[in-house]
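Structural description and commentary
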Amino acid sequence: MTTSLYIHIPFCAAKCNYCSFNSYAGLEGLQGRYIDSLCAELGQCTSGGYMGPLRTVFLGGGTPSVLSAALLKNLLASCFACFPVHPDAEISIEANPGTVDRAKFELLKTAGVNRISFGVQSFNDQELGKIGRIHSAEEAAQAVNMAKEAGFDNLSIDLMYGLPGQDPKSWQISLETALSLDLNHLSLYQLTVEEQTPLERMVQDGRLQLPVEDELAAMDEITAKLTAKNGLAQYEISNYARSGYQCRHNITYWENRDYFGVGAGAVSCLRGSRKRNIVAPEEYCDAIESGSSTVIDEETLDLEASFRETVIMALRMNRGVAVKQLEKRYKIRLENHYGKVLQQLIKDKLLEQSEDYLYLTDRGRVFANRVMADLV
Ligand code: SF4
């Protein structure tokens, strides 16, 4: 029985030039219909005995905060009417600083949301312009402060390093600005140039320059130094938090536990089967309205594939793989499965094993891709 729910909101005020998520600008006219469809899909999830009392709910996207207060209210009310919610549940929403105001934060608070993750990406206006963000650095700081005034203390900011035109100094300033907001959680990602995005074309034809490897390494050092100095412990490759503020919903993914996803393109992972919904928002609404299936893809992982996936995902977390739990869950011994490959990674000081956990060493985190490739 799963206790984690993901709700996908595919709308954005504008499409950022690096983005390859299932998100769309210019679909404002579809929002009301889409929320009705989501509410209908939530109603369908109540049958089948899959869902227990919710411990984590995550409204992601896209930009959930682009929805009007009325639509957000409907959606959250419908969700909580469909499922019992654990009193200690983490209810998260992703927000874009250009799409929020005081009234929306107050509504979210009243509706039961208790965690906000802001997509900020940079506190440098030139960098924000180059990646097509709709907000300024100042608007981002104002949005965070407004959320605090509305009573939220579980707040996170996403920042990206490796942006076009960024150097270690400007990364340091962005990070220091984020830290000065005194938040309990930060997500710090390296920019990935995704295929077929406007950013890829601009980098390929030389209109935008990305930082070189030495600069990226210097940014990594700045990150390690400043997060530690400010009491934010790394708990996953890209995530840092004060004690008790780790994102519980994302930990569900990294532990490869079951979750239910609703909305266009949303993935559900239930009892060893993974299903994906229709990706295009309008087609998703058509399917819900006509009573046909929203599922376009379904796969069942065999036990060993699922075992390996669980190992890889858990190694993203600093604490690593809970070995006894893993072996009990799959009835497969880690050493038997990986044999010499595992011994070599330990010998190369890329992995370390304590009595309970197998985890990446500091050196292993630098070469994480190589370790994962060996274990996949
Ligand atoms: S706001 Fe987020 S989801 Fe929307 S286009 Fe930008 S990066 Fe993509």
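Residues numbered from 1 in each chain as written. Predicted model: local features only at pLDDT ≥ 70, side-chain atom pairs only at ≥ 80, totals over all residues. Heavy atoms only, no water.

So, the domain arrangement of the protein
Applicable threshold: These domain boundaries are the output of an automatic or database domain assignment. Note on contacts: a residue pair is in contact if any heavy atoms of the two residues lie within 4.5 Å. Throughout, buried area stands for the accessible area (probe radius 1.4 Å) lost by two parts on being put together, summed over both. Throughout this description, the term salt bridge denotes a Lys or Arg side-chain nitrogen within 4 Å of a carboxyl oxygen of Asp or Glu. Contacts described as polar in this section are N or O atom pairs within 3.5 Å, which, within protein, must combine one atom able to donate a hydrogen with one able to accept it, while residues neighboring in sequence count only if both atoms come from side chains. Labels follow the DSSP assignment, with helices taken as runs of H or I lasting at least four residues and strands as runs of E lasting at least two, numbered in each case from the N terminus. Side-chain classes follow a simple rule in which Ala, Val, Leu, Ile, Met, Phe, Trp, Tyr, Cys and Pro form the nonpolar group, Asp, Glu, Lys and Arg form the charged group, and the remainder, Gly included, forms the polar group.
Here the domain parsing of the protein yields domain 1 (2–254) and domain 2 (308–375). Taken over C-alpha atoms, the centre of domain 1 sits 29 Å from the centre of domain 2. Counting from both sides, the interface comprises 8 residues of domain 1 and, opposite them, 10 residues of domain 2. Surface buried jointly by domain 1 and domain 2 totals about 770 Å² across both partners, of which 55% is contributed by carbon and sulfur atoms. Per-residue buried area on domain 1 facing domain 2 is highest for Gln234, Ile237 and Trp254; these three make up 62% of the total on that side. Counting the contacts that link domain 1 with domain 2 gives 1 salt bridge. For Arg316, the salt bridge is made with Glu236, and the minimal N-O distance between the two is 2.5 Å. Put simply, domain 1 and domain 2 have 6 residue pairs in polar contact (both at pLDDT 80 or more) between them. Put simply, the parts of the chain that give the side of domain 1 that touches domain 2 at least two residues each are strand E9 (233–236) and helix H9 (248–254). The residue makeup of the side of domain 1 that touches domain 2, split by class, is 5 nonpolar, 2 polar and 1 charged.

What about the side chain of Thr197?
Using the following cut-off: Categorising residues by exposure relies on relative accessible area from a 1.4 Å probe, with only protein chains included: less than 20% of the type maximum marks a residue as buried, more than 50% marks it as exposed, and the intermediate range marks it as partly exposed.
Along the polypeptide, Thr197 turns up in the loop between strand E8 (185–190) and helix H7 (198–204). Residue classification places Thr197 among the buried positions, given a relative accessible area of 2%. A polar side-chain atom of Thr197 sits 2.7 Å from the main-chain carbonyl oxygen of Glu194. Filtering out sequence-adjacent residues up to four positions away, Thr197 remains in contact with Asn17, Tyr18, Cys19 and Ser20.

Examining the pattern of salt bridges
For the coordinates displayed, the defined rule picks out 19 salt bridges. With a shortest N-O distance of 2.5 Å, Glu149 and Arg102 are connected by a salt bridge. In this pair, Glu149 is assigned in helix H5 (residues 137–149) and Arg102 in helix H3 (residues 102–111), connecting sequence segments 47 residues apart. Judged by its relative accessible area of 56%, Glu149 falls in the exposed class. Here Arg102 falls in the partly exposed class, since its relative accessible area comes to 42%. Across the salt bridge formed by Asp348 and Arg370, the nearest N and O atoms sit 3.2 Å from each other. Taken together, the residues Asp348 in the loop between helix H14 (340–347) and strand E16 (351–353) and Arg370 in helix H16 (residues 368–375) connect sequence positions 22 residues apart. Note on Asp348: relative accessible area 22%, which makes it partly exposed. Taking relative accessible area as the criterion, Arg370 reaches 39% and is therefore assigned partly exposed.

Describing the site of the ligand
Applied cut-off: We call a residue near a molecule or strand whenever a single non-hydrogen atom of that residue lies within 4 Å of it.
In the vicinity of the ligand, the residues found are Cys12, Ala14, Lys15, Cys16, Tyr18, Cys19, Phe21, Ser23, Gly62, Thr63, Asn96 and Arg133. Of the residues contributing to the shell around the ligand, the split by class is 6 nonpolar, 4 polar and 2 charged.

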